[in-house]
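As a plain string of letters, each chain reads:
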Amino acid sequence: MESKYNYFKRDISWLSFNYRVLLEALDERLPLYERINFISIYSSNLEEFYKIRVADHKAVASGATESDEETVQSARELVEEINKEVTRQLDDRVRIYEQKILPALRKNHIIFYQDNHVEPFHQQFIKDFFREEIFPYLQPVPVSKDKIVSFLRDNRLYLAIRVCPKKEEKNKGEETKENIEKYTGECINERNDGEGIKVGMEAARPNVTDLRQPLYFVMKQPYAKVPRFIELPSREKNHYLMFTEDIIKANLNLIFPGYDVDSSYCIKISRDADILIDDTASSADLVAQLKKKVKKRKIGDVCRFVYDRAMPSEFLDFLVDAFRIQRDELVPGDKHLNLEDLRHLPNPNKSLHSLEKPKPMKLTVLDEKESIFNYVAKKDLLLYYPYHSFEHFIHFLYEAVHNPETREIMVTQYRVAENSAVINTLIAAAQNGKKVTVFVELKARFDEENNLATAEMMQAAGIKIIYSIPGLKVHAKVALIRRRGLNGEKIPSYAYISTGNFNEKTATLYADCGLFTCRKEIVADLYNLFRTLQGKEDPKFTTLLVARFNLIPELNRLIDREISLADEGKQGRIILKMNALQDPTMIDRLYEASEHGVQIDLIVRGICCLIPGQSYSRNIRVTRIVDSFLEHARIWYFGNDGTPKVFMGAPDWMRRNLYRRIEAITPVLAPDLRDNLIEMLDIQLADNQKACWVDDKLQNIFKKRTPGTPAVRAQYTFYDWLNKTNS
């Protein structure tokens, strides 16, 4: 039956979030290079969005795959809508970059050349740098509509070049052939299987019967050999930077002597990076599939062709025909593409200060001499990353390794850091004679190879590895230390449940929570969960909420309770903090609660398909916070008539989390820790510096500070609050 409610489209909502990321580049309160970094993040996010989400829609639109959620026509319409919105956003990105960032750099004595104008005192340096450092790595490849199609690699920058033979030359036909052969050599093309093949110039060269007919080339930028940004000699108090491609453009006449260089523009291809695997395969078959298919990620179907919007239409038309690009794959870009590289922009002006982010603090009750085991045996412990140091969790594992009463260490791994201290500690445990069991999710997108290599390394060290469950992803972030006394007596075991990965690198960037507890009911439930991951039994959970088992019924019961309170004239209250809200069934429950008068605040960083401001959502407010750290924690609050119930865990309210993954959510039972989480939620709702309302048109409406009220920047305010309570 068709719902009486409406929803935002998932991917259009995500674009609203990514635009909010871009808006950080406008915040002049931030250090300049922090603003530049947000342009990089915006661009990187968009690249992955096209590789996965848009690629999926294009596959449906072309009839290559089928979907239960969209038709061929609706997929085509959605791709068109996405491209239209992205083009609008990119117009704003150009304006922000050119009208805000570049002038701010100049104001700070950093001249970032963006056009053909280069000061006379740098011209010889640029020529010399080109000849010595860049020219040896360049190889122009002829482009023809009728001959072999060169393979453009995924997310690599290419320069598309148009040249014409000079008018005054004699024997033009011979000169044309001779010069092309001399300066391009043999054309190295790449087939879609990724193997290079040599193609003689007779096969690849455009038809030059018309001696003034333009010739087209593409040339991959040599960023593996040369940095994207080049620092030029300083002069007086000014520093100078230049894109490598602009240095190449300034010297194209040296690559094509005997020709007039008509024009050149940057282009790039984004390719489908999703991996389609048999989700019902056994672990051994899954490993074999992944090893084979991840290698082909870079040669997937085209999902986006980005080009300099200044390119003339006839030039673009030629490339579209030559590379067999579909019109719905065209996305106009800036003069300089791949602006995710801006995160590497050199800062030659050392007087420019960087952002003073909160430094991870160590709890005074958990100094190096204090046993976390002893502390948690007495009371639950809740850590907030990155405000608290992730070293506490490493120390927790280290204690387990060296505690003679440790019987087994059980951990899930979703995204593993390279050279991980967590993994090294688990290996040390196995080498120390402990039984170690690690569930490794091989289907964590873009981390498949790293997870597989890490799993094989752990397996070689004697760790028992459990791979992905057929048909499901395991997204739960949990660890269990099982203990038994040396004489067989029962002693406390330890459970750890987190909202984020066991990854010490992301733990400095993502705002997450991790709960340590010895509560028997949680330990027992967590052990049952690990048995489920090993295929041992169909468990019953008494305290933990586990997706595909008791999560949905319990969420419905909690929502029903708030509706009943509102119907009785009492306060019904719900606060939900998460990354994404997309599942229509659960959104309908929130709409229903709103219609009954339940007051609902949503703190949703990314996708939010719930539409505020409607008659059925008049009691729902949507807040989005983008700041120094990526808001990643999932915290759920239900008022429960003055005796709040608070939960934390790894899932968002998306179909995949609620129905197609194994997730674990724990109630926070210690009253002081529960109150601390409520304090965090209150601070985030009070944010008037980095928080936005999301309105019924998906606009980010910045919250304004009321005169006379304090400035609240949630991440920094909460850090200060934690620092004061660290005793």
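See the structure printed just above.
Cut-offs used in this document
- Residues numbered from 1 in each chain as written.
- Predicted model: local features only at pLDDT ≥ 70, side-chain atom pairs only at ≥ 80, totals over all residues.
- Heavy atoms only, no water.
- Helix = DSSP H or I, 4+ residues; strand = E, 2+ residues; numbered from the N terminus.
- Buried < 20%, exposed > 50% of the residue type's maximum accessible area, 1.4 Å probe, protein only.
- Contact = heavy atoms within 4.5 Å.
- Areas by Shrake-Rupley, 256 points an atom, 1.4 Å probe, with all protein chains shown as cover.
- Pairing = 2+ DSSP bridges.
- Axes fitted to C-alpha atoms, helices over the stretch in contact; angles between N-to-C directions.
- Salt bridge = Lys/Arg side-chain N within 4 Å of Asp/Glu carboxyl O.
- Expected span 1.5 Å × (residues − 1).
- Parallel < 35°, antiparallel > 145°, perpendicular 65-115°, else oblique.
- Left-handed = near helix turned anticlockwise from the far one by under 90°.
- Nonpolar A, V, L, I, M, F, W, Y, C, P; charged D, E, K, R; others polar.
- Phe/Tyr/Trp six-rings, centres within 6.5 Å; stacked < 30°, edge-to-face > 60°.
- Right-handed = clockwise from strand over helix to strand, strands pointing away.
- Polar contact = N/O pair within 3.5 Å; in protein donor to acceptor, adjacent residues only side chain to side chain.
- Core = buried A, V, L, I, M, F, W, Y, C linked by side-chain atoms within 4.5 Å.

Participant: Whenever I open this one, the overall build of the chain confuses me. Can you help?
Facilitator: Secondary structure assignment for the chain yields 20 helices and 30 strands. Looking at the chain residue by residue over its 727 residues, the buried ones come to 58%. Taking the contacts inside the chain whose residues are at least 6 apart along the sequence as the reference set, 76% of them involve residues at least 24 apart. For the chain, the exposed area adds up to about 31700 Å²; of that, 47% sits on carbon and sulfur atoms.

Participant: I would appreciate a short explanation of the sheet that holds strand S29 (residues 691–694) in the present structure.
Facilitator: With mixed pairing, nine strands are arranged side by side in an open sheet as S20-S28-S26-S25-S21-S22-S23-S29-S30. On the outer flanks of this sheet lie strand S20 (545–546) and strand S30 (700–702), each paired with one strand and no other. Bridge count between S20 and strand S28 (residues 664–667): two bridges; the pairing is antiparallel. If you follow Leu-545 over to S28, its bridge partner there is Ile-665. Against the sheet, helix H1 (residues 10–23) touches strand S23 (620–625), S29 and S30, its axis set at about 40° to S30.

Participant: I keep staring at the pairing of strand S7 (residues 229–235) and nothing clicks. Help me out?
Facilitator: The side chains of a regular strand alternate between the sheet's two faces. Two elements, S7 and strand S8 (residues 238–243), share five bridges in a ladder whose sense is antiparallel. Residue pairing for S8: Glu-231 is matched across the bridge by Leu-241. In textbook terms, the turn of a hairpin is the stretch between consecutive antiparallel strands, and for S7 and S8 this stretch comprises two residues, one of which, Glu-236, has a positive phi near 55°.

Participant: In this structure, what is going on with helix H10 (residues 313–322)? I would like to understand it.
Facilitator: Owing to its 3.6 residues per turn, the α-helix brings residues three or four apart onto one side. By the burial criterion, the buried members of H10 are Phe-315, Leu-316, Phe-318, Leu-319, Val-320 and Ala-322. As for H10, its buried residues are in contact with strand S2 (141–143), strand S3 (158–165), strand S6 (215–220), strand S9 (259–271), strand S10 (302–308) and strand S11 (330–333). Arg-324 sits one or two positions beyond H10 and adopts a positive phi of about 55°.

Participant: I would appreciate a short explanation of the pattern of salt bridges in the present structure.
Facilitator: Side chains that differ in charge, positive against negative, can pair when their charged atoms come close. Inspection of every chain in the model, using the stated rule, returns 45 salt bridges. Here Glu-85 ties to Arg-88 by a salt bridge, and the two come within 2.8 Å at their closest N and O atoms. Of this pair, Glu-85 and Arg-88 both sit in helix H3 (residues 72–107), three residues apart, roughly one helical turn. The exposure class assigned to Arg-88 is partly exposed, which follows from its relative accessible area of 36%. The salt bridge partner of Asp-262 is Arg-162, with a shortest N-O separation of 2.8 Å.

Participant: How should I be thinking about H1 in this particular structure?
Facilitator: Over its 14 residues, H1 extends 20 Å from the first C-alpha to the last, a length consistent with the 20 Å expected when each residue adds 1.5 Å. Within H1, 13 of the 14 residues are buried, which leaves it mostly tucked inside the rest of the structure.

Participant: Sorry, what's going on with the environment of Val-626 here?
Facilitator: On the secondary structure map, Val-626 appears in the loop between S23 and strand S24 (630–631). Take Val-626: its relative accessible area is 7%, and that puts it in the buried class. Sequence separation of Val-626 and Val-21 is 605 residues, and the distance between their C-alpha atoms is 6.6 Å. Setting aside chain neighbours within four positions, we find Val-626 in contact with Phe-17, Arg-20, Val-21, Glu-24, Phe-38 and Lys-690.

Participant: Please clarify how the packing of helix H2 (residues 32–61) against H3 should be interpreted in this entry.
Facilitator: Think of two packed helices as two axes; the pair is described by the angle between the axes and how far apart they sit. The interhelical angle for the contact between H2 and H3, taken along N-to-C directions, is 165°, at an axis separation of 11 Å. On the basis of the axis angle, H2 is roughly antiparallel to H3. Here H2 runs over H3; the crossing is left-handed. When its residues are assigned to classes, the contact of H2 with H3 shows 23 nonpolar, four polar and five charged.

Participant: I would appreciate a short explanation of the packing of aromatic side chains in the present structure.
Facilitator: How two aromatic rings sit relative to each other is given by the distance of their centres and the angle of their planes. Scanning the entire structure with this criterion turns up 37 aromatic pairs. Here Tyr-385 and Phe-390 contribute two aromatic rings whose centre-to-centre distance is 5.3 Å and whose plane-to-plane angle is 65°, an arrangement assigned as edge-to-face. For the pair shown, Tyr-385 and Phe-390 are each scored as buried. Ring geometry for Phe-393 versus Phe-502: centroids 5.0 Å apart, planes at 10°, classification stacked. Separated by 109 residues along the polypeptide, Phe-393 in helix H12 (residues 391–402) and Phe-502 in the loop between strand S18 (494–498) and strand S19 (510–517) bring together distant segments of the chain.

Participant: What should I look at first to understand the pairing of strand S14 (residues 435–440) in this one?
Facilitator: Summarising burial for S14: five of the six residues are buried, a large majority. Pairing geometry for strand S13 (residues 406–413) and S14, over six bridges, is parallel. By the bridge assignment, Glu-408 is partnered in S14 with Lys-435. With helix H13 (residues 421–431) bridging S13 and its parallel neighbour S14, the resulting β-α-β unit is right-handed. Both S14 and strand S15 (residues 464–466) contribute to a ladder of three bridges, which runs parallel. Bridging from a neighbouring strand, Phe-439 pairs with Ile-466 of S15.

Participant: Can you help me understand the side chain of Thr-406 in this one?
Facilitator: Here Thr-406 lies in strand S13. Overall, Thr-406 belongs to the buried group, its relative accessible area being 7%. Polar side-chain contacts of Thr-406 include one of 2.8 Å to the backbone oxygen of Ala-400. Contacts of Thr-406, omitting those with residues within four sequence positions, involve Phe-373, Ala-400, Lys-434, Ile-481, Arg-482 and Arg-483.

Participant: Teacher, can you tell me more about the sheet that holds strand S1 (residues 110–113) here?
Facilitator: In sheet architecture, strand pairing relies on hydrogen bonds along the backbone and comes in two forms, parallel and antiparallel. If you walk across this open sheet you meet the three strands as S1-S8-S7, and the pairing is mixed. Each having just a single partner strand, S1 and S7 make up the two edges of the open sheet. In this sheet, neighbouring strand axes are inclined to one another by 25° on average, regardless of whether the strands run parallel or antiparallel. Across four bridges, the pairing between S1 and S8 is parallel. Looking at S8, one finds that Ile-111 is bridged to Tyr-240. Against the sheet, H3 makes contact with S1 and S8, and its axis sits at roughly 135° relative to S1, the strand it touches most.

Participant: Just to check I follow, could you spell out the nonpolar core for this structure?
Facilitator: Burial of nonpolar side chains together is a common tendency in soluble globular proteins. Counting residues in hydrophobic clusters, the biggest one holds 113 residues, and the most contacted among them are Leu-590, Leu-602, Leu-610, Trp-636 and Trp-653. Element by element, the count of residues in this core is highest for H2, at eleven residues. With residues up to four places along the chain from it excluded, the contact list for Leu-602 reads Leu-576, Leu-581, Leu-590, Leu-610, Ile-620, Arg-621, Val-622 and Thr-623. Residues Leu-366, Val-376, Ala-430 and Met-458 belong to the second largest nonpolar core, which totals 43 residues.

Participant: Help me out: how do you make sense of unusual backbone geometry in this one?
Facilitator: In most cases, non-glycine residues show a negative phi, while peptide bonds are predominantly trans. Residues Tyr-385 and Pro-386 are joined by a peptide bond in cis, for which omega reads 0°. Within the element layout of this structure, Pro-386 appears in the loop between strand S12 (381–385) and H12. A positive phi is found at Asn-338, a non-glycine position, where the angle reads about 55°. Assignment of secondary structure puts Asn-338 in the loop between S11 and helix H11 (372–378).

Participant: Would you mind going over the packing of helix H16 (residues 551–567) against helix H17 (residues 584–595) with me for this structure?
Facilitator: Between H16 and H17, the least distance of the axes is 10 Å, while the angle of their chain directions is 10°. Here H17 runs roughly parallel to H16, going by the angle between their axes. Where H16 abuts H17, its residues Ile-552, Leu-555, Asn-556, Ile-559, Asp-560 and Ile-563 lie against Met-586, Arg-589, Leu-590, Glu-592 and Ala-593. Within the contact of H16 with H17, the residues separate by chemical class into seven nonpolar, one polar and three charged.

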